[in-house]
Structures are given as structure tokens and as C-alpha cells.
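Residue-level structure breakdown
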Amino acid sequence: MDEARKLLLETRVKDLSSVSSSTLVQLLDTSTVGQALQILAENRILSAPVIAPGDDGLAAGVKWPAQLPNSDIMGFVCVNDILTSFLQSEGGAFNGGSMLTCMRQLEAMGQRFARQQLRHLTCKGCDGDFLHSRHAGEATLLELVMYGFLDPKRRGMHEGEQQSHVVHRVAFFDNSGRVTSVVSQSDICRFLAAHVDRLGDLAEATVSELGWDCKPVVSCTPETPALEAMRLMVSEGVSSLAVVAAQSAGEAAPGADTAAAAERHGGGRLLGNFSASEMRTMTSEHFGALSLPIGEFLALENETDYVAVNRERLLSEEGLVGSPAHDFICNRLRRVRPHAPGEEVGQRLVVATGKSTFAEVVELLVKHCIHRVYVVDEREVPVGIVTCTDILRKVVEVATAAAAPSPSTSPAAAAAAAAAHRQEWHQRNHGSPRGGQEQQC
């Protein structure tokens, strides 16, 4: 385990290849939802930093959770923020009806919602953190993971009881307040995969030994409309759903009643995964896709029972096939993220078992460009899930078994102290800082 600790302490953040990224997309907080979705779609990304250049970019009462004093940086916005805001602002006006009726209602609501500015989203910017590039560059990888990804609130950068303790991306900014690069949890997993030989005994620890084969899995069936699936994710506080076949009483886990088995295993056989990634490249004309069953999102990748049974009925829906919403979910190649040579993409059924090792799970995450791997039993029923966050937590747990770096003395914490000092100066000389730091979601 000392090897893992040495790896994280010897590696500086500035040495990560992703820090030198030359392509960076940023959004203005005055951009409309429609404009933001178009930019994200053109770049095939799920999120981007938001800036409000100049005093004209700030509206009274507009607050972002990561808003930095003396900087144009407001926070992050991602497709999931936009969809959650859509549910909160437009969900109450949804009347339901046939699939075609639902599609047309959602398309109309989506066009109206798309005219709203990002600054007025009800859910914005909680899944990201910001560090000054000079301080962060000298920080160790262990400090970045601990105080950047897993507990940014501990550094004092964020305020508000609702601020997330875990974020999936960290942006670096320079003295002018310009965002220079973004590092994600997936970037850290790629680094670990490339140096798995230095993780010691952890690399060979099995999923069962790590306790990852008994984690609750929130699931739904392929017939679930995407809109209801999004609502379920919001209510359960999860970022994905396991798509499972309906479970009959005869398929219950041996030695357990059906209800208990359903609660533990999340339903029947695993068919796929549904998350915000399925909405990659979504634009304002595609809100109608939320009316369609999530089985349609899996149709091109998995010939599931749902597809065989329901395809004919779906095709018979007048005006459904050929619509922008249906074309969107059928065009998987458009929705996948850009990938490096040798990496496999597309929604394939990538799973682990209790016997899979830590190293094998990390390799699955990296090779398939995914954020989670489901753990299944011998019947292919999901009994657990391993995310990039789980990987980072376990590495930190191992690396800090002896002693953890102090958040008050680390270079990463120095960035927070500098920002706090600037904010105090700004309050003393100019009154309240721009907008504050209230968490919105």
C-alpha cells in the first residue's frame, strides 16, 4: 500500500496530460438553454464552465455555487442540470396522454424552456470545483483527489448546506480569472489504469473483498418513459439507473422473498444503463425524446426483449418515427463522446462480478469510456455498482492509511485561502461580493 501512497504523493497535478488541454468550451451565463445545448452538442460534451464577463453579465439576485470573487467564473453547467431544471420548471404543466401526445407536449414545453437564460436555471453548477492553476499545479495528485474531487467543501471554497461533497470535474483558472483546463474523475482513472502496477495489493483486491457487490442499485424497466426515469434519478439522488428486465416471482434470489430480492438486486436481469450521457448532443428540438421508453435508447446496442416486443407497436404510432426526438435517440453514433484510438464506445453491456479485481474494474471504466460498472451475480442480476468516485475513494483510503495531508497546509488549500482573502478585501472595500455562493441544487 506504500506504493500507492508514493504514486499519489510523487505525482503533481501539473504532470497530468489533461491539464495541458488546449481545447476548452465555455458558456456565458446570459446564453439561453437552447444556445448552451447547441454548443455542448457540437462539441459532444456533457458540461462546460460558465462565465459572466464584465459587470453587465451579472443580474441582481443571480447566484452560482462556485462564484469566485474578482473573477468571471460562475460555475459549471451540465446537461443533467438543464434536464433537472426542465423537470422543476415545466414538469407541473405536463398532462400526459398517449406517447405521441406526450411527445408533442414536451416539444412545445422544450421550445419555451430553451429561451431561458442559464443564469435563471433552478439547478446550476453544483457538480464542479475551481482551483487556481498556480497552486493546483504544485499540489499532489492525492491533494487534488481529496480536496478537489471528494471533499471540496472542506477547503472552504463553497458555502451552503446543500453543496455537494463530491464533484466530478475540477477546473483550473489563472490570475486573470480565465479557465485554462478541466480535469475529470475519468482523467484520474485513466492515470491509475496506466500505473496500476504501482497500486500494490489494491490492484488484486476483488470486488467482493472491497464490498462493492452489495451496494443498492436503483433500477427501472425498458418500458419506463425517459421523463419518468429522469424524475426517479432526481428523487433518488443518483446519476444513473440500471435498466433491468421485469422480475417474476420465480426469478427471486435463492433463499429470499421476492420483495427482499427486488430491493437488493434492483429487479431482474441487467439490460443496460440509463444516465445523462444518453442525452449527449441533445438540443432544444429533442425534448420530445423524454416521452419515449428508455428501451429505445438501448435498441441499437442491445437487442433486448423490449425491442422485439415493442418495436412494431412503436413504429405504428403515427408521426412518431422520423420525428426529431426519435431520430435523436436512434442516432447512437451522434450521441457518443469522442474517443481516443483503441477505446471502445457505445452502450455495450459492460459488467463485473464479485471475483473481478480492482485493476480489472478500472480497466473496464477506461477502455469503454464509462463512469460506472455494474456488478452482477451468476444470473446477470445487478447486485452492486462501482463508479469513478468509488475508485478514487478507495485509492485515497489506501494512500492515507498512515497519514493524510492537511487541507490547511496543502497547495490546493492555498488557492482557497487566496480566494477567501480576495473576497474579504472586496467586501471591506466595495460591499457585498458579486452574487454570493448559495447552492442551488
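In this report, the structure presented in the accompanying data block is examined. What you are looking at is a predicted structure, and each value in this text was computed from that prediction instead of being measured.

Below, the discussion takes up the environment of Lys394. Structurally, Lys394 is set in helix H15 (residues 388-399). Here the alpha-carbon distance between Lys394 and Phe358, two residues 36 residues apart in the chain, equals 9.6 Å. Lys394 has contacts with Leu202, Leu210, Trp212 and Phe358, leaving out every residue within four places of it along the chain.

Right, let's talk about helix H3 (residues 79-90) for a bit. Between its first and last C-alpha, H3 extends 16 Å over 12 residues, near the 16 Å set by a 1.5 Å rise per residue. Every buried residue of H3 is listed here: Val79, Asp81, Ile82, Leu83, Thr84, Ser85, Phe86, Leu87 and Glu90. Packed against the buried residues of H3 are helix H2 (33-43), strand E3 (73-78), helix H4 (99-113) and helix H8 (226-236).

With that settled, consider the sheet that holds strand E4 (residues 129-132). Read across the open sheet, the three strands follow the order E4-E5-E6; overall the sheet is mixed. This sheet does not close on itself; its edge strands, each paired only once, are E4 and strand E6 (179-184). The sheet shows a mean angle of 25° between the axes of neighbouring strands, direction not considered. Taken together, the four bridges between E4 and strand E5 (residues 169-173) define a ladder with parallel strand orientation. In the strand pairing of E5, Leu131 is matched with Phe172. Helix-sheet contacts for helix H6 (residues 141-150) involve E4, E5 and E6, and the interaxial angle to E5 is about 105°.

Thresholds applied
Residues numbered from 1 in each chain as written. Predicted model: local features only at pLDDT ≥ 70, side-chain atom pairs only at ≥ 80, totals over all residues. Heavy atoms only, no water. Helix = DSSP H or I, 4+ residues; strand = E, 2+ residues; numbered from the N terminus. Contact = heavy atoms within 4.5 Å. Expected span 1.5 Å × (residues − 1). Buried < 20%, exposed > 50% of the residue type's maximum accessible area, 1.4 Å probe, protein only. Pairing = 2+ DSSP bridges. Axes fitted to C-alpha atoms, helices over the stretch in contact; angles between N-to-C directions.

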